[in-house]
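Given next are the chains, with one letter for each unit.
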Amino acid sequence: MIPIAKPMIGDAEKQAVMEVLDSGMLAQGPRTARFEERFAQACGVKHAIATTSGTTALHMALLANGVGAGDEVITTPFTFIASANSILFTGAQPVFVDIDPETFNIDPEQVAKAVTPRTRAIMPVHLYGYMCDMDALQAIADRHGLKIVEDACQAIGAAYHGKPAGSLGTGCFSLYATKNVMSGEGGMITTSDDAVAEKCRMLRNHGMKRRYYHDMLGFNFRMTDLCAAIGLAQLDRLEDFTARRRANAAYLNSKIESVITPTVKDGYRHVWHQYTIRVGGGRDRDAAVRQLNEAGIGTGVFYPVPAHRQEYMRDIVGAVQLPVAEQLAEEVISLPVHPQLSQADLDAIVAEVNRL
Ligand SMILES: Cc1ncc(COP(=O)(O)O)c(C=O)c1O
């Protein structure tokens with residue numbers, strides 16, 4: 001089976017972990033600090049704050065932007081559930097709006113229509129490694145005085161008109177094992193706002209600035225130096241990993257004919273966390289998945305149920321109808337695009353997909 005994801009774990013990662021073990025200092029320390037510095041540079045921002053996951057990054061970023069009970073945050077339903085959950089953790093209400101079928105991302109026109117006096121923030125999700133239409137979203141945010149918390153969990157290295165993901169609002173990244181840059185589990189917040197950065201650092205560590213003096217309620221969301229060491233080794237190779245993903249996606253796009261392939265608009269740098277096709281026209285997506293799997297092609301369905309249709313979420317947001325997201329949830333299949341694919345793998349994927 002050609003797997004849908006395969007983490008790049010080489011000598012650099014192994015050696016980095018051994019060095020931390022040998023140092024005897026495993027918790028958040030110098031490697032985490034270096035990882036934060038390097039991550040901030042990579043995203044073109046002043047601060048990066050390492051944390052335990054993309055979920056905790058989003059949670060803290062929202063809190064640091066003043067989101068709380070009684071507020072609304074507008075976001076997409078076509079995402080991993082953590083995006084919406086992080087809003088709920090703050091006590092705020094997620095407001096789901098529909099997406100653009102071509103990009104899979106939140107539709108700014110729908111965002112504009114959903115703003116109310118309670119709206120505090122917009123959470124665009126750069127799904128699959130492709131950024132949202134940030135100029136349009138920024139214009140809405142400026143008009144209504146809203147914060148932007150970017151869910152860039154899948155989008156390290158992506159750019160919008162030359163601006164890196166995570167540099168356009170408060171950025172939140174996941175370093176989960178299958179992400180383009182990973183640390184096993186982990187997350188990162190990026191910002192150039194000193195106050196937001198300071199608040200995130202405090203939230204991460206029980207509201208402390210001075211040891212054992214607690215200025216606010218906080219969490220233990222600290223990254224370990226073991227994770228940071230892996231992340232640092234990965235970050236060194238970000239450009240190489242991304243170039244391979246982009247070459248793989250370009251090849252798939254040039255050869256696949258039987259289904260709707262993803263598009264990339266001018267001015268966007270796609271980093272292909274996922275390469276996602278649409279099996280449209282009333283064809284049976286689940287049968288297509290079975291056919292591909294039987295032929296040895298690994299697949300993923302990201303995501304089969306939009307957030308507003310999840311069982312518990314219906315009690316929270318009611319019977320919202322978002323037809324584009326609901327349709328795409330029935331049509332999408334992600335194919336392997338990771339950096340370890342060989343030319344033979346790519347050709348096998350193309351051949352099987354074109355047989356659908
Ligand atoms: C779009 C999106 N948001 C949030 C998350 C949450 O990240 P994590 O799994 O690191 O908590 C993920 C990760 O899977 C994601 O893909």
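Structure: above.
Being a predicted model, the structure only gives us computed values, none of them experimental.

What counts and what doesn't
Residues numbered from 1 in each chain as written. Predicted model: local features only at pLDDT ≥ 70, side-chain atom pairs only at ≥ 80, totals over all residues. Heavy atoms only, no water. Helix = DSSP H or I, 4+ residues; strand = E, 2+ residues; numbered from the N terminus. Buried < 20%, exposed > 50% of the residue type's maximum accessible area, 1.4 Å probe, protein only. Contact = heavy atoms within 4.5 Å. Phe/Tyr/Trp six-rings, centres within 6.5 Å; stacked < 30°, edge-to-face > 60°. Lys NZ or Arg CZ within 6 Å of the ring centre and 35° of its normal.

1. A word on the side chain of Gln-234
- By the secondary structure assignment, Gln-234 is in helix α8 (residues 225-235).
- The buried category is assigned to Gln-234, whose relative accessible area is 1%.
- Look past the residues within four positions of Gln-234 in its chain and what remains in contact with it is Met-8, Glu-13, Asn-180, Val-181, Met-182 and Phe-241.

2. Notes on the packing of aromatic side chains
- Inspection of every chain in the model, using the stated rule, returns 10 aromatic pairs.
- Taken together, a centroid distance of 5.8 Å and an interplanar angle of 85 degrees make the contact between Phe-35 and Phe-39 edge-to-face. Of this pair, Phe-35 and Phe-39 are both found in helix α2 (residues 30-43), 4 residues apart, which corresponds to roughly one turn of the helix. Here Phe-35 matches Phe-39 in class, with each residue buried.
- Between Phe-219 and Phe-221, the ring centres sit 4.4 Å apart and the planes meet at 10 degrees, which makes this aromatic pair stacked.
- A relative accessible area of 25% means that Phe-219 is categorised as partly exposed.
- Aromatic ring contacts, followed pair by pair, group Phe-35, Phe-39 and Phe-173 into a single cluster.
- Lying over the aromatic face of Tyr-213, Arg-210 brings its terminal NZ or CZ to 4.0 Å of the ring centre.

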